[in-house]
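Chains, contacts and geometry: an overview
The primary structure of each chain is shown beneath.
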Amino acid sequence: MSVKPRAIHFGAGNIGRGFIAPLLRKSGYHIVFTDVDKGLIDTINEERAYDVHILDGDGSMDGEKEVLEVDHVKGVLSTTNDLIREIEHPKLKLITTAVGLPVLDKIAPTLAKGIKARRAAGGGIINIIACENAIGATAQLEEKVRAHLEGGDAAWAEQHVGFANCSVDRIVPPFSPEEHDADSKLDVGVEEFFEWIVEGPSLKGAKPGALDVPIDGLALTDNLAAYNERKLFTLNTGHAITAYLGYLRGFHTVDQSIADAEIADIVRGALQAESGAALCRKHKFKDTEHEAYIEKIITRFQNAAVKDDVVRVGRQPLRKLGRGDRLVGPARMCVEYDIPVRHLATGIAAALSYENEEDDQSAEMRKAITEKGLDKYVVELTGFEEGSDVHKGILKSYKELEGWKKA
Ligand SMILES: NC(=O)c1ccc[n+]([C@@H]2O[C@H](COP(=O)([O-])OP(=O)(O)OC[C@H]3O[C@@H](n4cnc5c(N)ncnc54)[C@H](O)[C@@H]3O)[C@@H](O)[C@H]2O)c1
Ligand SMILES: O=P(O)(O)OC[C@@H](O)[C@@H](O)[C@H](O)[C@H](O)CO
């Protein structure tokens, strides 16, 4: 008898449609997208399939190497009881999310309601994996879900719901169907590269530490912390620095920004001698392998077919300036190992210089700098003491970058 497993994916956006769903579909899962966007859900239910365009610039089709179909998809609005019925479904095996870190708060009560309903319906084991750019995103979601469960429901969830952290890596920019002569507005453009690494020991199922229906392209590890930090403090660190410096120079895309020799030098400096050195010390990555990992990432930034907007990559600067996130996180790790952080300080200063009225966090940050003063605000955000080398480095770079704005 065929298994026909089902998966629910929260967030039918770029990474959901362009990365998670194609891998799940290829491995035989039926995908139920859930989203707050009614228009998007209606379109999914009308079309039931879409194409993923692999943008790697060396193919015959205008920057496209290949087009892959994702079929048998459906959608349910995340605000309706249809979603709870989907969570109850006996064939449901997996729930994934890619909604943005701050949205985990909003979906947690719904997940808890779904878990209670699943228990009441006599349902079996499911696993939940939050595919967000953060260290321990699923653990954060688990805590929020558990806050809505008590008594027998909490005990049932303990036995039947696996919460596994992951590291998720594929550049999926906003896609223009018109530019690519695409059939559907559900179509999505992605780079060819992908990496999805999941914390095996947290998964529940017939075989402990594995998914009952394995996903082709998903790697399991019992050392997720190392891969999570490697990805966030390399790819996302470099991406953010490239985007913020590029924005200051007036570039629109990541490939344009990284083509600027001065920006590329700062990014390499931050990734090689700083975050890279700290990551190799902490996680014992081999220097040569880590060097190759960095160079591959720079090549990915150079992919002109992806046309990734610096405004997307720079979105929500205050989240990106969080103490455990891609800029301050590696700088703090460097300080622990006595590694100087000149280039990371420039990256932090570039994020602080980000001035985009359409980004609420940029506006909030600009207001805070004016009201509190940069010195104090840097201490508040980063935790680096006033007058420390890093603090001084950030202030010095911030002043220097004012020249970039005028240029
Ligand atoms: N795009 C990438 O290159 C990439 C790569 C790796 C990881 N990520 C991470 O994936 C997450 C999503 O990023 P994205 O680029 O796909 O964003 P996106 O904006 O394209 O997609 C997010 C989707 O979530 C939906 N959503 C918002 N609130 C919701 C709610 N309460 N319930 C259900 N759906 C809701 C939105 O309507 C949207 O469709 C982020 O955490 C991001 O850091 C993105
Ligand atoms: O999604 P964010 O806002 O955390 O970060 C923006 C980009 O750096 C990010 O989406 C990358 O494209 C992605 O992490 C690649 O794997």
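Data block above holds the structure.
The shown structure was predicted, so the numbers you read here are calculated from the model rather than taken from an experiment.

Taken together, Glu46, Glu47, Asp181 and Asp183 make up a surface patch of like negative charges. Locating Glu47 in the fold gives a position in helix H2 (residues 38–47).

A few words now on the sheet that holds strand S3 (residues 50–55). Spatially, the three strands line up as an open sheet ordered S4-S3-S10, and their pairing is mixed. Of all strands in the sheet, those with a lone pairing partner are strand S4 (64–70) and strand S10 (188–190), marking the two edges. Sheet twist, expressed as the average angle between the axes of neighbouring strands with direction ignored, equals 25°. Where S3 meets S4, six bridges bridge the pair, whose relative direction is antiparallel. Bridging from a neighbouring strand, Asp51 pairs with Glu69 of S4. Contacts from helix H1 (residues 14–26) reach S3, S4 and S10, with the element oriented near 100° to S3.

Taken together, 15 residues sit near ligand 2, with Asp169, Lys231, Arg312, Arg319 and Lys320 positioned nearest. Within the side chain of Arg315, an N or O atom sits 2.8 Å from an oxygen atom of ligand 2. Between Lys320 and ligand 2, the recorded distance is 2.7 Å, taken from a side-chain N or O atom to an oxygen atom. Protein coverage of the free-state accessible area of ligand 2, which is 400 Å², stands at 94%. Contributing elements (two or more residues each) for the shell around ligand 2: strand S9 (166–169), helix H7 (224–249), helix H11 (310–313) and helix H12 (317–320).

Examined against the element boundaries, Thr237 turns out to sit in helix H7. By relative accessible area, Thr237 is classed as buried at 0%. A polar contact of 2.6 Å, which involves the side chain of Thr237, links it to the backbone oxygen of Arg326. Apart from residues no more than four positions distant in its own chain, Thr237 is found in contact with Leu232, Leu271, Arg326, Leu327, Pro330 and Leu344.

What surrounds ligand 1 is a group of 25 residues, the closest being Asn14, Ile15, Asp35, Glu132 and Val172. Between ligand 1 and Ile15, the relevant distance is 2.8 Å, taken from an oxygen atom to a main-chain nitrogen or oxygen of the residue. The side chain of Arg312 places a nitrogen or oxygen atom 3.2 Å from a nitrogen atom of ligand 1. Split into classes, the residues belonging to the shell around ligand 1 amount to 13 nonpolar, seven polar and five charged.

Definitions and limits used
Residues numbered from 1 in each chain as written. Chains lettered and ligands numbered in written order. Predicted model: local features only at pLDDT ≥ 70, side-chain atom pairs only at ≥ 80, totals over all residues. Heavy atoms only, no water. Patch = residues over 30% accessible without salt bridge, like charges linked within 9 Å, V, L, I, M, F, W, Y side chains within 5 Å. Areas by Shrake-Rupley, 256 points an atom, 1.4 Å probe, with all protein chains shown as cover. Salt bridge = Lys/Arg side-chain N within 4 Å of Asp/Glu carboxyl O. Lys, Arg positive; Asp, Glu negative; His and termini not counted. Charge placed at Lys NZ, Arg CZ, Asp CG, Glu CD. Helix = DSSP H or I, 4+ residues; strand = E, 2+ residues; numbered from the N terminus. Pairing = 2+ DSSP bridges. Axes fitted to C-alpha atoms, helices over the stretch in contact; angles between N-to-C directions. Contact = heavy atoms within 4.5 Å. Near = heavy atom within 4 Å. Polar contact = N/O pair within 3.5 Å; in protein donor to acceptor, adjacent residues only side chain to side chain. Buried < 20%, exposed > 50% of the residue type's maximum accessible area, 1.4 Å probe, protein only. Nonpolar A, V, L, I, M, F, W, Y, C, P; charged D, E, K, R; others polar.

Honestly, it's all geometry; don't read function into it.
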